[in-house]
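Summary of the model geometry
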Amino acid sequence: MKRLLLILLVVCAGFAAAPHRAAADNCGIPEKGTIWVDFADGSVPFWQTFARPGVIAAAANFIYPPQLRALGAKTVYFDLNFRLRVGTPNEPFDPGVVINRANRLYSTAAMSSGCTEPVITENELNGANLVTPWTANNAAYRRNVLIYLQTLSALGAHPVILVPSAPYMGDEAGDWWRQVVQYAEVVRESYFAAPTIAKQGPIEGSRTLRNLFRKRVAEFTSAGLPASKLGVMLGFQTTRGSGGREGAPLNSWLEVTKLQALAAKQVASEVGLRAVWSWGWAAWSTGERDADKPTAACVWLWARDQSLCNAPAVTGKGFNASLTQGQLTLPGGTRCTLYGRPITESTISSLTPITGDPDVAYSAAFARAVTSLQVKLKAKQLATAERAVVAAHFGGSFARYRAALGKAHASQGAARGVIGDELRRAAIESGFRVGGPSAEEISEYYETYGATRARLVQTKTSAPWLGNRKRGYALESTAPPQVFSLPQGGRWHSINTMRGTFQVRALDAPVSLGALPLDIATPAVVAALQGIARSDRYESWLLAREKVLDDQAVCRRDAQPEVGVVELTDYLPFLAAD
């Protein structure tokens, strides 16, 4: 340790005396905000694609960086041989060797970059996922990495280290990572197979990409590393099994390339990411000599900044040039859109006091959007249904109605939303065909609900609460409550319900269901059981539709609603249809 300290003191003294420090500059690389960096050295046959203003190109040595800059690009130095600087977890170098090689590489990078504060990217850290306690060799390797980064930083460079696997952050490993970002930026490599994303489509595929990038960033931020010191690297390699194109058809690959750029842009904006890198453009092997790479590179540049390349012109027919499909471009006050239909924050906030849980309210609002795709309602229908509710349950008094809503923490607007839910549900249920119940089911219902009131009535039009008949016993559990307060006799009375207005006359006084002979009660029991079957069928249908459409919903920060059936009439029972 004494020897190492002496070496560091001597080196640092040399830094202080270095004459070039007075003329230091940062190579034109922005110091704040998100930067985009593309690998574009001589191994990339079409490196000229990246040689333009607005691009930061990563390259090494002394041939291509000056040419890239001459054509308008900024450059950073890319070191492909990090293991030759610090060793490996099994064979770490002596610290003195590490310091010497850091000094030498800094000089090379400064000359290559044409500035004294070059960005130097190291490819790549070995054993990022190794858990503690570390072996003595790995501990020495990690010490070497830190010394190397500290040395470059002290010389004025801006080190960047690539990380190919999920980092272990426990115990002393977390402390090590927190030391690293004091001297360097950390870029997490994020590769995946294009066919998988293409198969998901632009909405679900974009969400998958965004969540992947968020996860990569969270691996570090969860341990206290700031996003402003982090980046992600995306891969466009074409060798099978390496992540990237993976044999995807051209237009599929181009679509995924576009979606990657848009997803990275979104996440970088959300979390304040320092950098987005691209990799895989080189043609080092047969598998990497792909004639479509230049086209993909153009799409990559265009998707993040349309001034960098004209992708629609280069790609030709079949390319999806939409930059909004599947993206989180939501109107103000909107939590999600489902096929263009908004799920608004105001809807969710209006339901939250009713359910007592914002997540449950969110699920209910999503279910509403799903059923709205199936059934369209007019404002007049809602107003008529609301008047029917007030007439049936509050004697026509809107004051009593609003008071009841207040007790349930519901606004009148929220109540109308629930009424709309009920109307859509009734319309959807009416389309379900259900079989007749068994004799055993009829008998069980008859015995269980024998105390339920029943009344023999007649209607001028078929009524759903009579099993779509015009005459029969109406049950208290399914019929409008007014049916049981009608005077007995031959006079017809108008009953307004959420499902419409019915002309009804009472043919007998109310009795308990159990007082009727079973054969007389059977049609009413069958209608009730079929209603229950339709209700169960509706809940199964709704849950299945939500599961399918949840993938198609575009939601803020990709926070999708929890699918489920929320019975809002459990909180507001007087709003249940009939």
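Residues numbered from 1 in each chain as written. Predicted model: local features only at pLDDT ≥ 70, side-chain atom pairs only at ≥ 80, totals over all residues. Heavy atoms only, no water.

1. Here's the deal with the state of the cysteines
Under the counting rule described, the total for this entry stands at 3 disulfides. Each sulfur of the disulfide joining Cys 298 and Cys 309 lies 2.0 Å from the other. Its torsion about the S-S bond being -105 degrees, the disulfide of Cys 298 and Cys 309 is classed as left-handed. One end of the pair, Cys 298, is in helix H9 (residues 293-304); the other, Cys 309, is in the loop between H9 and helix H10 (311-315), and 11 residues separate them in sequence. Taking the relative accessible area as the measure of exposure, Cys 298 reaches 3% and is therefore buried. Overall, the relative accessible area of 14% leaves Cys 309 in the buried class. (Disulfide = S-S within 2.5 Å. Helix = DSSP H or I, 4+ residues; strand = E, 2+ residues; numbered from the N terminus. Buried < 20%, exposed > 50% of the residue type's maximum accessible area, 1.4 Å probe, protein only.)

2. Here we look at empty space enclosed by the protein
With the rule as written, the count across this model stands at 2 cavities of 30 Å³ or more. The space that makes up the largest cavity amounts to roughly 210 Å³. Around the largest cavity sit 15 residues that line it, and Ala 367, Asp 421, Tyr 538, Leu 542 and Val 566 are the ones nearest its centre. Elements with a minimum of two residues in the lining of the largest cavity: helix H12 (358-374), helix H15 (412-430) and helix H17 (518-550). Partitioned by chemical class, the residues of the lining of the largest cavity number 8 nonpolar, 2 polar and 5 charged. (1 Å grid on protein atoms, 1.4 Å probe; cavity = no way out; pocket = protein on both sides within 12 Å on 5 of 7 lines; lining within 4 Å. Points joined across faces, edges and corners; volume = space filled by probe spheres on them. Nonpolar A, V, L, I, M, F, W, Y, C, P; charged D, E, K, R; others polar.)

3. Structural notes on the pattern of salt bridges
Under the counting rule described, the total for this entry stands at 23 salt bridges. Where Asp 558 meets Arg 210, a salt bridge forms, and the shortest distance between an N and an O atom there is 2.6 Å. Taken together, the residues span a long stretch of sequence, with Asp 558 in the segment after strand S16 (553-555) and Arg 210 in helix H7 (residues 194-221) at a distance of 348 residues. With relative accessibility at 7%, the residue Asp 558 sits in the buried group. Arg 424 is the salt-bridge partner of Asp 421, the closest N and O atoms lying 3.0 Å from each other. One end of the pair, Asp 421, and the other, Arg 424, are both in helix H15, 3 residues apart, so they sit about a helical turn from each other. By the burial criterion, Asp 421 is buried, and Arg 424 matches it. Members of the salt-bridge network, linked through shared partners, are Arg 207, Arg 210, Arg 214, Glu 270, Arg 557 and Asp 558. (Salt bridge = Lys/Arg side-chain N within 4 Å of Asp/Glu carboxyl O.)

4. Considering helix H8 (residues 250-271)
In an α-helix there are 3.6 residues to a turn, and that puts residues three or four apart on one side. The end-to-end C-alpha distance of H8, which contains 22 residues, comes to 32 Å, matching closely the 32 Å that a straight helix rising 1.5 Å per residue would cover. Directly beyond the C-terminal end of H8, a positive phi value near 75 degrees is found at Gly 272. (Expected span 1.5 Å × (residues − 1).)

5. Overview of the sheet that holds strand S2 (residues 56-59)
The strand order around the closed barrel formed by 8 strands is S1-S2-S3-S4-S5-S6-S7-S8, and the pairing between neighbours is parallel. Averaged over neighbouring strand pairs, the angle between their axes works out to 30 degrees when direction is ignored. Bridge analysis of strand S7 (residues 230-235) against strand S8 (residues 275-279) gives 5 bridges, and the strand direction is parallel. In the sheet register, Val 232 faces S8, and the bridge partner there is Val 276. In the packing of helix H5 (residues 136-155) onto the sheet, contacts are made with strand S3 (74-79), strand S4 (119-122) and strand S5 (158-163), and the angle to S5 comes to roughly 150 degrees. (Pairing = 2+ DSSP bridges. Axes fitted to C-alpha atoms, helices over the stretch in contact; angles between N-to-C directions. Contact = heavy atoms within 4.5 Å.)

6. Notes on the nonpolar core
Grouped together as the largest cluster of nonpolar side chains are 104 residues, with contacts concentrated most on Trp 177 and Trp 277. Residue contributions to this core peak at 9 residues, all from H8. The next biggest cluster of nonpolar side chains, apart from the first, holds 43 residues, and it includes Ile 348, Ala 365, Ala 385 and Leu 572. (Core = buried A, V, L, I, M, F, W, Y, C linked by side-chain atoms within 4.5 Å.)

7. Considerations on the side chain of Arg 207
Residue position: Arg 207 is located in helix H7. Not counting residues up to four positions away in its chain, the partners in contact with Arg 207 are Asp 550, Asp 551, Gln 552, Ala 553, Asp 558 and Gln 560.

8. With respect to the sheet that holds strand S9 (residues 334-338)
What holds strands together in a sheet is hydrogen bonding between their backbones, with the strands either parallel or antiparallel. Read from one edge to the other, the open sheet built from 3 strands follows the order S10-S9-S16, with strand pairing classed as antiparallel. Edge positions in the sheet fall to strand S10 (341-344) and S16, since each has one partner strand and no second. The mean angle between the axes of side-by-side strands here comes to 20 degrees, regardless of whether they run parallel or antiparallel.

9. Things to note about unusual backbone geometry
Cis geometry marks the peptide bond from Asn 123 to Glu 124; its omega dihedral reads 0 degrees. Phi is positive for Arg 557, close to 55 degrees, though the residue is something other than glycine.

10. Things to note about the confidence of the model for the protein chain
A residue-level look at the protein chain finds 96% of positions with pLDDT of 70 or above and a mean pLDDT of 94. In the model, residues 1-24 has pLDDT below 50 throughout and makes 26 contacts with residues more than four positions away in sequence or in other chains. (pLDDT = per-residue confidence, 0-100.)

11. Some points on the pairing of S7
Burial within S7 is extensive, with 6 of its 6 residues counted as buried. Burial along S7 is two-sided: Leu 230, Val 232 and Leu 234 and Gly 231, Met 233 and Gly 235, pointing in opposite directions, are all buried. Of the strand pairs in this sheet, strand S6 (residues 185-190) and S7 are connected by 5 bridges, and their pairing is parallel. By the bridge assignment, Val 186 is partnered in S7 with Leu 230. Following the backbone out of S6, through H7 and into the adjacent parallel S7, one traces a crossover that is right-handed. (Right-handed = clockwise from strand over helix to strand, strands pointing away.)

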